[in-house]
Amino acid sequence: MLIYFMRSTSCPVCNRHVRDLIRHRDEFAAEDILVFVAVPEDRRTAAEWKTERRIPFPVLTGRLGSPHEMIGLSRKVFGAVQQSGSVLIDSQGVVRHAHGATMPVNGYRRKAITTAVQALRTRR
């Protein structure tokens, strides 16, 4: 599974990254990779965003805090900027790619994800 952690649903850069994930969803599906998008907002905001943007992936929110906080992608720069990033986990539960960034332009590295997915193929 691949989880992309957005800085926020209103972040234009993060939304561009999600559109890229959508464009490549058939490639992920061909590799049996489930894609999830994690957002720091509440469930209602996340559901509205998912519907408005026609996001085909499950959108994750946290019960207590955000999914970001659960894996250490906390707010940085004096608590003002939510980090973004991605995690690729194989079918055995092993993390094969993990990347976090304070600046959203660095939160999604498709080449690194593609390389990690290709490495999964050789492990089968």
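As a reminder, the structure under discussion sits directly above these lines.
Structure report, in brief. (Residues numbered from 1 in each chain as written. Predicted model: local features only at pLDDT ≥ 70, side-chain atom pairs only at ≥ 80, totals over all residues. Heavy atoms only, no water.)

Attention now goes to the pattern of salt bridges. This structure, assessed with the given rule, holds 4 salt bridges. Ionic pairing is found between Asp90 and Arg96, a salt bridge with its closest N-O pair at 2.8 Å. Arg96 sits in the partly exposed class, given a relative accessible area of 32%. If you follow the salt bridges from partner to partner, you end up with Asp20, Arg23 and Arg110 in one network. (Salt bridge = Lys/Arg side-chain N within 4 Å of Asp/Glu carboxyl O. Buried < 20%, exposed > 50% of the residue type's maximum accessible area, 1.4 Å probe, protein only.)

Scanning the entire structure with this criterion turns up 1 aromatic pair. Pairing Tyr4 with Tyr108 gives two aromatic rings, centres 5.7 Å apart and planes at 75 degrees, and the pair type is edge-to-face. Linking Tyr4 in strand β1 (residues 2-5) with Tyr108 in the loop between β7 (95-101) and α5 (110-123), this pair joins segments that are 104 residues apart in sequence. Its relative accessible area of 8% is what places Tyr108 among the buried residues. (Phe/Tyr/Trp six-rings, centres within 6.5 Å; stacked < 30°, edge-to-face > 60°. Helix = DSSP H or I, 4+ residues; strand = E, 2+ residues; numbered from the N terminus.)

In this structure, His99 sits in strand β7. If near-sequence neighbours (up to four positions away) are discounted, His99 is found in contact with Ser84, Gly85, Ser86, Asn106, Gly107 and Arg109. (Contact = heavy atoms within 4.5 Å.)

Attention shifts here to the sheet that holds β7. With mixed pairing, the 5 strands of this open sheet are ordered in space as β3-β2-β1-β6-β7. Edge positions in the sheet fall to β3 (59-60) and β7, since each of these pairs with one other strand and no more. In this sheet, strand β6 (residues 84-89) lies alongside β1 in antiparallel orientation, the contact comprising 4 bridges. Across the sheet, Ile3 pairs through a bridge with Val87, a residue of β6. Helix α1 (residues 12-23) rests against β1 and β2 (35-38) of the sheet, and its axis sits at about 160 degrees to β1. (Pairing = 2+ DSSP bridges. Axes fitted to C-alpha atoms, helices over the stretch in contact; angles between N-to-C directions.)

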